[in-house]
Amino acid sequence: MNDASYHPLSADSASNVNLQEFFLQGSVLDGSIDKLFGRLQGICDNVKPEMFTDRERTYYLSTPGLTTSVMVKACKSVIQPSAPWQIKYIGNIEAADHTKPAMIRSNVTVAVSQDPSQFLEELGFILRYEVVLRGQFYRKGNLKVTVAKLLLNSGIAASTFDATKLEAANTSHLVEISALSLMRDDGAAEEVRHFAQLLAPIAMMEKVDHRRIQMHQ
Amino acid sequence: MYAKLTFSMLVAGMHPGSGMTEQNDKISIASLSENKIQEISYDGQETYFKPFTLSESLTDLANRINFLNEDDNDCEDGEEEDPKGFHQAKQWPWRDIHSHLQRALIEMNVLVDVISITQNKPTTLKDSAAESSDANRYLMYDLAQKDSEPTKPMLQLITKKKCLAGAAKILLNGYERLNKAWTETSGQISFHSALLKLRKCWRVRRVGDKIMGDLSYRTAGSNFWHSGAFEVIKRSGDDTDEESSYGSALPSRLKSPISVEVSSDLLGYAEIFVSVINLDVHRDSLPDDVSECFSLNFHDLMQSSVLRVNQPPWHQKLVNAQNVLFCKEFFTRLTKEAIQLRCRSLYSPFVIVGDTISALVFPHTQLSVHLRYKQKPLLDEKTGNSNIKSLFSFKHTLLQLLQKDHSKQLNIPTPHPTSAVLGLTPEMRHASIQPWSSMQLDTTLKRDDDSLAEAMVKMAKHYEVRRRLAKVIKMILNEYSDPDIQAHWLTLSNQYESCVRMTMASFGYEACHRTVFQATAMADKVKFLHREGKIVFVEVDESCIYKYLVTLISGHQTLTLDKLARNMGWNVLQVTPRSGIDFNSSVINRGSLVASSPSFDSYVGIVCSTTYQGTVEYDVKVKYTKSPENKSTKTSKDPELLAMQFDKYMSIGGIWQKVNWQKIYGRNFINKVETLLTCLVNYD
């Protein structure tokens, strides 16, 4: 390795940090999923959609004194086990705006070399729940559209993951549209909203108040 | 009767004020009538029942006797008879109904009994134990036979005929309707069916009240600025046919009710013309132009006139327009890359003038790309130029590269898991968790990266190098017949490299020694790979290649001689295929061999040298040792020398004498040497 020309990867661009994510979520019943697939096939880029199966673990870190806790998700693909684990920090949804067309939250996604659960637990994060998402992935330009079914581990122990013993949590699929962009750059929000309008009335994608969901926990 | 009597007495009693003093009052007493009133008519007239005649009264009495009750009346009390008889009198008017009902009840009971017996169901009788279990004991079912009606064939035939006629009428109706519909639609193509046909090949969409289509390559991943939109217009039947570009009026059945409007800059015909031109003015021979003229589907249009008839005119128009768009995109892309490219492999940089991009790839070789755009089809121009040799690989590679680029835009590998960043290659994903530096990452990214301009330059250079190599090989083959040289061009080649495998062997001595090597023509050099594993890179210049091949020839000769001498039993004292030393400076290489006969009688020295002019020269010398003249000269000088005493010293000495090469019998050099060696051995 030439020391004089050592260029580490993180040298130039700091573009991976401080991204904000525009997203909208919705759901569709299992019976109408084919219609949704057909519509997505027509709207999105002219590529065959790809199946994916991801394990997602959500960790929360609650500091005394703060009301909201820090949420970190650790994701791993089951289909391609060689792909690295990803840790995704998700900030709280910016609650202020009714003017903005889509929901906004800050998002930092980083790849890690091994299973980060021990690392996170040592930091103080507590595993809240683990879920498996299995579905199809569509793309349109910068937008990512995922249509996935939530599957739960029917066994109790979280450490033993058996890919065959998964059962569905409910009878519907979760649809999510997301686009990443730099901070304070709002052009992607309109795209997300426009795309969501194309999916109505099969899947109604609206801004959901996550605080109400979190209060139930 | 009763009532009247009462009324009369009431009348008598109700007479007030009389006090029984007057006895003049008349009291009328009438007995009530014996007969009942049958009917009172509206005018008050009463109709009485006729009294019974004697016979009638007798019948009436007889009817009152209840024969059925007689048995019961025997068992039961006699006192009950009277109330029964009384009841019977009361039931009199209902007697008929009663008897009817009784009869019905009897019949029903009988039926139930019969059924239960045939089914062998246990009855309510107390002596059920005496019943047999055999169901068929008392009563059993049997088929009822209907009397067959006498057959009436005529009637059956008539009915069948009628039914068939009805069915046939329905079918005929349906057929007529379908026939009418078919003749209507096939006669002239309706707007909707033509639109359907259009939609099968092209993307169309309804926008408002217009029908717009898209003929660009956007959905395949292209990022070109042109939208490629066209509009579909419904055409009325009165419009004159303007599609006479092929000179022949289309038959009326192909006059389509739809016509298509493309944007004006896509009209016309376009074509990309790539040529590699040899600018060498010294060569007066026919210019070795290689030209490849290609466009996307130009040839499909032009070549098949049969297909042309069946295609509707809008299809040809759209295909043309798409072709123009493609050529435009391709040329724009190439221009952009040509400007940005800092290609060190070009002899002179790209020069872009109007619609031609040209560059010198070698000092006398020019690569030019020309976008031809005409209003008329370019058919006639192509056939005029007979020097054009078509290179399939150019067209194919460039199209493939463009398509690969498009698909790379579109087919971004999906991130697994989906929350990862979009658009990274697998190496990039792993690079972030492994200790890679950005230089390593760059090399992996650049591996598949081949821009159009670079590819084209490389292909042009390769073509030129290959042409030169082929030319040199041909020259050598023409000039040197001595060792037989064979060249086989391998099919294992791609657009940037091709190989030729060459074998040198002297005729008749192929088993003796064979020189085999493989020459690869690459973009900027020629690589020679020898059998012993040696690799030599030679410059692209023709004379360099020529000289190298000539050195290989002389080397081959020397090595063959070596093998030959050993085969014949001669002792090879020294063999040097390559030595850079020679006494006159006109020689590049000098290969030499010195061999002695098996009995050490004679020595042979052979030199094969390559001159700077590119020729091979042979020099063969022979030295005799035990020749009589030799002996005599020696002994004449020193008679008492050791030579007289020891024979072994006889082998020293001798003069090298040049051989008269023309007079030796032999087909080629090696053959002559073999003759020489054979002769020398036979000496003595």
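Just above, that's the structure.
Calculation notes
Residues numbered from 1 in each chain as written. Chains lettered and ligands numbered in written order. Predicted model: local features only at pLDDT ≥ 70, side-chain atom pairs only at ≥ 80, totals over all residues. Heavy atoms only, no water. Helix = DSSP H or I, 4+ residues; strand = E, 2+ residues; numbered from the N terminus. Buried < 20%, exposed > 50% of the residue type's maximum accessible area, 1.4 Å probe, protein only. Contact = heavy atoms within 4.5 Å. Areas by Shrake-Rupley, 256 points an atom, 1.4 Å probe, with all protein chains shown as cover. Phe/Tyr/Trp six-rings, centres within 6.5 Å; stacked < 30°, edge-to-face > 60°. Lys NZ or Arg CZ within 6 Å of the ring centre and 35° of its normal. Patch = residues over 30% accessible without salt bridge, like charges linked within 9 Å, V, L, I, M, F, W, Y side chains within 5 Å. Salt bridge = Lys/Arg side-chain N within 4 Å of Asp/Glu carboxyl O. Lys, Arg positive; Asp, Glu negative; His and termini not counted. Charge placed at Lys NZ, Arg CZ, Asp CG, Glu CD. Axes fitted to C-alpha atoms, helices over the stretch in contact; angles between N-to-C directions. Parallel < 35°, antiparallel > 145°, perpendicular 65-115°, else oblique. Left-handed = near helix turned anticlockwise from the far one by under 90°. Nonpolar A, V, L, I, M, F, W, Y, C, P; charged D, E, K, R; others polar. Buried area = accessible area lost by both parts, 1.4 Å probe. Polar contact = N/O pair within 3.5 Å; in protein donor to acceptor, adjacent residues only side chain to side chain.

Chemist: Teacher, can you tell me more about the overall build of chain A here?
Modeler: In terms of regular secondary structure, chain A is built from four helices and eight strands. Listing the helices and strands of chain A from first to last along the sequence gives β-α-β-β-β-β-α-β-β-β-α-α. Within the span of chain A, comprising 217 residues, buried residues form 41% of the whole. Counted over contacts in chain A with a minimum sequence separation of 6, partners at least 24 positions apart contribute 69%. Total accessible area computed for chain A in this model is approximately 12,300 Å², and 54% of it derives from carbon and sulfur atoms.

Chemist: I tried to follow the overall build of chain B on my own but got confused; where do I start?
Modeler: Of regular secondary structure, chain B possesses 19 helices and 21 strands. In chain B, which comprises 684 residues, the share counted as buried stands at 34%. Put simply, of all contacts in chain B between residues at least 6 apart along the chain, 56% involve residues at least 24 apart. For chain B, the accessible area works out to roughly 44,900 Å², and carbon and sulfur atoms hold 56% of it.

Chemist: I would appreciate a short explanation of the environment of Phe23(A) in the present structure.
Modeler: Residue and element names in this part refer to chain A. For Phe23, the location among the structural elements is in strand β1 (residues 19-29). Remark: the alpha-carbon pair of Phe23 and Ile177, spanning 154 residues in sequence, is separated by 5.3 Å. Discounting residues that sit within four places of it in the chain, Phe23 has contacts with Ile93, Ala102, Met103, Ile104, Arg105, Glu176, Ile177, Ser178, Val192 and His210.

Chemist: Would you mind showing me how to read the packing of aromatic side chains here?
Modeler: Two measures describe an aromatic ring pair: the distance that separates the ring centres and the angle between the ring planes. All names here are of chain B. One pass over the structure, following the stated rule, counts nine aromatic pairs over all chains. Among the aromatic residues, those joined into a ring-pair cluster are Tyr217, Phe326 and Phe330. Seen from the ring of Tyr496, Lys458 lies directly overhead, with NZ or CZ sitting 4.4 Å from the centre. For the cation-ring pair, Lys525 lies above Phe537, with the distance from its terminal atom to the ring centre recorded as 5.5 Å.

Chemist: Explain a positive patch on the surface to me, please; I cannot follow it from the model alone.
Modeler: Residue and element names in this part refer to chain B. Together, Arg501, Arg514, Arg531 and Lys563 make up a positively charged patch on the protein surface. Along the chain, the position of Arg501 falls in strand β13 (residues 498-506). For Arg501, a relative accessible area of 38% puts it in the partly exposed group.

Chemist: When you look at the packing of helix α7 (residues 191-201) of chain B against helix α10 (residues 313-340) of chain B in this model, what are you seeing that I'm missing?
Modeler: Two quantities define a packed helix pair, namely the angle between the helix axes and the distance between the axes. All names here are of chain B. Contact geometry for α7 and α10: axes closest at 11 Å, N-to-C directions at 30°. Classified by the angle between their axes, α7 and α10 sit roughly parallel to one another. The element α7 and its partner α10 pack so that their crossing is right-handed. Across the interface between the two elements, Ala194, Lys197, Leu198 and Cys201 from α7 touch Trp314, His315 and Leu318 from α10. Its residues assigned to classes, the contact of α7 with α10 comprises five nonpolar, one polar and one charged.

Chemist: Honestly, the interface of chain A and chain B in this entry has me stumped. Any pointers?
Modeler: Note on interface size: it is often stated as the accessible area lost on association of the parts. Each partner contributes to the interface: chain A provides 32 residues, whereas chain B provides 25 residues. Roughly 2,400 Å² of surface becomes buried between chain A and chain B when both sides are summed, with 63% attributable to carbon and sulfur atoms. Linking chain A to chain B there are zero salt bridges. Applying the counting rule to chain A against chain B returns two residue pairs in polar contact (both at pLDDT 80 or more). Contributing elements (two or more residues each) for the side of chain A that touches chain B: β2 (50-61), β3 (70-77), β4 (85-90), β5 (103-112), β6 (126-140) and β7 (143-153) of chain A. With four residues, β2(A) is the largest single contributor of residues to the side of chain A that touches chain B. Considered class by class, the residues forming the side of chain A that touches chain B number 12 nonpolar, 13 polar and seven charged.

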